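Residue strings, one per chain:
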Amino acid sequence: LIVAVLAAVALAPVHAAAPVAESRLKAAFISKFPQFVVWPSAVIASHGTADICVFGPAGDLRAALSEIVSGDTLHGHGMRVREIAVGRDPSDCLVVFVGSHAEAVAILQRVADRPVLTIGDYPEFLDDGGIIELRVVDGRVRFEVSMTAAQRAGLRIGSQLLRLALNVRGVEKGKRI
Amino acid sequence: MRDRWFLGLLLGLLAAVPAAAQSTQDLRHMSLEDLMNIEVTTVSRTPEPSANTPAAVYVITADDIRRSGARSIPEALRLAPGVQVTRITSDQWAIGIRGFTDRLARSMLVLIDGRAVYSTLFAGTYWEVQDTLLDDIDRIEVIRGPGGTLWGANAVNGIINIITKRATDTQGTYVQAGGGSFQNGFASVRYGGQHGDDLHYRAYGKVFDRGAGYHPDGDEFDDWRTGQGGFRADWSLAGNRSFTLQGDAYDGRYGQREILTDFVAPFAHTLEGDARLSGGNVVGRWEGAVGASGNFRLQTYYDRTNRHELRFNEERDTFDVDFQHTLNVASAHRLTWGAAYRLSSGRTQSVATEFFTPADRTDNLGSVFAQDEIRVVPERLRVSAGVKVEHNDYTGFEVQPSVRGTWTPSEDQTVFAAVTRAVRTPSRVETDLEIESFLTRLPPGPLFLRLSPNPDFQSEKLIAYELGYRIRPAQSLFVTVSGFVNQLQDVLSTDARPLFVEASPAPLHFIIPLQFGNTLHGASEGVETTADYRMTPWWRWEGSYSYLRIALTRDPGSLDVSQETRGEGLSPRHQAQLRASLDLAHGVTFDWMLRAVSRLPAGPVPAYATSDVRLGWRVTPQVELAVVGQDLNQAHHLEFPGGSMGNVEVPRSVYASITWTR
């Protein structure tokens, strides 16, 4: 039996869809999320461009994101990716990406009740007050959404996005241990 | 013969293997759904949602269930490490976690979408009537160890939490049908739709007919057939809230063989026939955001079970309401509190030699709990402490505190530790039941065992010390180890007193009086370890091993005659399993699972190893064919002693199925 199974391994080439670097795949997710989010119309009107602001040392992700969104528009505005320093006020960004807890607290406090879609990819991002947390589960990118934080920001999250979420906080199922 | 069968299967696999590697994706033009199917090359951080949980949790996913070939919830539970799943007859299971496994395992709590299915009549879960459309199950969380603080009484050695999918995830049509040996035939259908953007719903129906187990005496009494239907509707409400209404109803016939004791000769009859078991439930759940950073859940359900068995009938109505509120206080505290009330009313009818006093009884159960989860060091150290206070009609107030901590020294490893107290509260079986069982004829007259009610039966108590470690030493490998020591007090005993003579009812007969008591104490300890290895993107291995040792001691003056032996001897000391899951070309999947279980000295049940195999082929995106072989290694094997109905063994079986989704 074991010999036959080993033979199967030797003969089997790589499986279907080729894997993609984590940072590139996460960038692709970040580029899709805004399509499912409704900002208050006054906010969209007041912005010249639709900016996705990336904090901190997420160089690979930022480069991939720039590549993916170049030429795209969001609600009629050209999408742009900006790197932004931690001390700066990000409230003119429509989307903010934060890669670590150390940076997140100061940033999230600044934009918590502003119409900014906050996305993070470290555990406990939602506990810090973020809206969408990316994580890798079973080798695939998944995300959790905090409706509580979205509501505070004045953003409406489309049901298509919620349906795909691993978990939606604020409409929690089950109990936490 | 078996080897040749395997060989054929493997040759088939080899033919299916050549898969085409795909070129680089154009991520920009892919939908979110497509992106979700792409694997990442570097896996880091939380590998599973459960990775940071301060308890020994294993999550059985919908995909795991589908690929296992399981046709019932008990079979699916075999996927979880450290869970002892044994089939007593075709239609009865004994399932336990960390010991005390029995037909009705009294120290394990089972919930289906928040509805407790623990029977307070006989203390345990009647697995044969716990069912749903298996494809509707989103996941089964199996928690080894106590969870009394959050979950309440009887969550002593473990919790099985079955969660079904939201109606948004089951849109469209699903039809499945199949049959084979043992699984004589089954069919399921589901339809999911929506009304506007805010209301999604589904309805399902299923029927099956299962054959009898293997009987050394050839008397195949335990075949069964049942039908079940249900629905679920999820509404999205304003303010990030939602309301769910769901329900199920079932009706089935379950083959049984029982011994009926009588005071007139010949004193014992074998009864054989079908038990008729039916029931239903309706659950309403309102949940969502409250305040700036909190959320709440208000759930209520009504559950009806009818058990018309050969020796007794019970009809039970349960009404339950449960409220829970979670809020973040400052940024470091996550506070959860809640309150619950349950009313459970049962009416019994039975025979002269087995009856409950009073025949009808209504039980009340009320509880409040609070737990604070503190982020001591963000991303590194969390501690939670909580307590549940519960009031029941048997023992009054019960207090179940817990302290748990999780330390995450790096992204790839987690350590947890917990100290918990939990109780198993009395059920009617201990306090209200009288049973006479005919033992033998002595020259002057017949000898009976008489189990008398014990109104002073106390809760069984446990203090658990747990420690666990999870690590991802390489991108493709995830390993967990957990260990525990449980101190047990006031453990269930069956105490015997001296024989006496009774003249009425005639004829003159002898009685050995028995009574359930709390005259045992002891300790249990164990270690469970799991490994998940993704050898290649298309070939995954999972393995687990668990060790368990239970040592019970009689209190001074204890008259226990059976529970010390049963408690120690009906759980295997060693359990191990190995699973391989292969995704091959052309939509072909292959799964193999081997499980090995050491002997049960109290059965006695010899050690055994057996395996299941599933070969699936997705012919088109809508249609999947599958062939499943279960318990293949021997023609039949014993898993649990059958008691008075005699041992029944699990036969080797094969079935095929076709599934169509649109």
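Use the structure listed above.
Description of the structure in this document. Small disclaimer: the values here were computed from a predicted structure and weren't measured. (Residues numbered from 1 in each chain as written. Chains lettered and ligands numbered in written order. Predicted model: local features only at pLDDT ≥ 70, side-chain atom pairs only at ≥ 80, totals over all residues. Heavy atoms only, no water.)

Quick word on the pattern of salt bridges
All names here are of chain A. Counting across every chain of the model gives 71 salt bridges over all chains. We note a salt bridge from Glu83 to Arg62, for which the minimum N-O separation is 3.2 Å. Here Glu83, found in strand 4 (residues 77–84), pairs with Arg62, found in helix 4 (residues 59–69); they are 21 residues apart in sequence, far enough to count as distant. A residue is classified by how much of its surface remains accessible, and Glu83, at 51% relative accessible area, is exposed. In this structure Arg62 comes out as partly exposed when scored by relative accessible area, which is 25%. (Salt bridge = Lys/Arg side-chain N within 4 Å of Asp/Glu carboxyl O. Helix = DSSP H or I, 4+ residues; strand = E, 2+ residues; numbered from the N terminus. Buried < 20%, exposed > 50% of the residue type's maximum accessible area, 1.4 Å probe, protein only.)

Some details on the sheet that holds strand 7 (residues 132–137) of chain A
Strand pairing in a sheet relies on backbone hydrogen bonds, with the paired strands running either antiparallel or parallel. All names here are of chain A. With respect to topology, eight strands assemble into an open sheet ordered 3-4-2-5-6-7-8-10, the strand pairing being mixed. Edge positions in the sheet fall to strand 3 (73–74) and strand 10 (167–169), since each has one partner strand and no second. Here strand 7 pairs with strand 8 (residues 140–146) via six bridges, running antiparallel. The partner of Val137 across the bridge, within strand 8, is Arg140. Its contacts with the sheet place helix 2 (residues 22–32) against strand 2 (50–55), strand 4, strand 5 (95–98), strand 6 (117–120), strand 7 and strand 8, and it is angled at close to 145 degrees to strand 7. (Pairing = 2+ DSSP bridges. Contact = heavy atoms within 4.5 Å. Axes fitted to C-alpha atoms, helices over the stretch in contact; angles between N-to-C directions.)

Digging into the pairing of strand 4 of chain A
Residues and elements named next belong to chain A. Where strand 2 and strand 4 come together, six bridges link them in parallel fashion. When the bridges of strand 4 are listed, Ile52 appears paired with Val81. With two bridges connecting them, strand 3 and strand 4 associate as antiparallel partners. If you follow Thr73 over to strand 4, its bridge partner there is Gly78. Taken together, strand 3 and the strand that follows it, strand 4, pair antiparallel across an intervening segment of two residues, in which His75 is found at a positive phi of about 45 degrees.

Here's the deal with empty space enclosed by the protein
Left-over empty space is what a probe sized like a water molecule reveals as it rolls over the atoms. Residue and element names in this part refer to chain B. Applying the stated criterion across every chain, the model contains 18 cavities of 30 Å³ or more. Roughly 630 Å³ of internal volume is contained in the largest cavity. Lining of the largest cavity is provided by 40 residues; of these, Ala116, Trp151, Asp320, Arg342 and Leu365 occupy positions nearest its centre. Taken together, the elements giving at least two residues each to the lining of the largest cavity come down to strand 4 (108–112), strand 9 (158–164), strand 16 (294–308), strand 17 (312–329), strand 18 (333–350), strand 20 (360–377) and strand 21 (381–392). Residue composition of the lining of the largest cavity, by class: 14 nonpolar, 14 polar and 12 charged. In this structure, the second largest cavity occupies an estimated 380 Å³ of space. Around the second largest cavity, the lining is made up of 30 residues, and of these Ala116, Val117, Gln130, Asp303 and Thr305 lie nearest the centre. (1 Å grid on protein atoms, 1.4 Å probe; cavity = no way out; pocket = protein on both sides within 12 Å on 5 of 7 lines; lining within 4 Å. Points joined across faces, edges and corners; volume = space filled by probe spheres on them. Nonpolar A, V, L, I, M, F, W, Y, C, P; charged D, E, K, R; others polar.)

Looking at the side chain of Gln92 of chain B
Residues and elements named next belong to chain B. By the element assignment, Gln92 lies in strand 3 (residues 92–97). At 3.3 Å, the side chain of Gln92 forms a polar contact with the side chain of Arg103. With residues near it in sequence (within four places) discarded, Gln92 still touches Arg87, Arg103, Gln256 and Met645. (Polar contact = N/O pair within 3.5 Å; in protein donor to acceptor, adjacent residues only side chain to side chain.)

Examining the nonpolar core
Formed by 66 residues in total, the largest nonpolar core has its most connected members in Ile60, Leu77, Phe122, Trp127, Ile140 and Ile160 of chain B. For this core, the element with the highest residue contribution is strand 4 of chain B, accounting for five residues. Not counting the four nearest positions on each side in its chain, Ile160 of chain B is found in contact with Leu77, Ile97, Met108, Leu109, Val110, Leu111, Trp127, Ile140 and Glu141 of chain B. Counting residues in each nonpolar core, the second largest holds 51 residues, with Ile52, Val95, Met147 and Leu155 of chain A among its members. (Core = buried A, V, L, I, M, F, W, Y, C linked by side-chain atoms within 4.5 Å.)

Regarding unusual backbone geometry
With an omega dihedral of 10 degrees, the bond running from Ala265 of chain B to Pro266 of chain B counts as a cis peptide bond. Along the chain, Pro266 of chain B turns up in the loop between strand 14 (241–261) and strand 15 (268–290). Residues Ala506 of chain B and Pro507 of chain B are joined by a peptide bond in cis, for which omega reads -5 degrees. Tracing the backbone through its elements, the reader meets Pro507 of chain B in the loop between strand 28 (500–502) and strand 29 (509–536). The phi dihedral of Glu124 of chain A falls on the positive side, at around 80 degrees, and the residue is not glycine.

Description of the side chain of Asn486 of chain B
Inspection of the secondary structure assignment puts Asn486 of chain B in strand 27 (residues 477–496). Under the relative-accessibility criterion, Asn486 of chain B is labelled buried at 1%.

Looking at the environment of His75 of chain A
All names here are of chain A. With respect to the helices and strands, the residue His75 is situated in the loop between strand 3 and strand 4. Take His75: its relative accessible area is 43%, and that puts it in the partly exposed class. In this structure the C-alpha to C-alpha distance between His75 and Ile44, which are 31 residues apart in sequence, comes to 7.4 Å.

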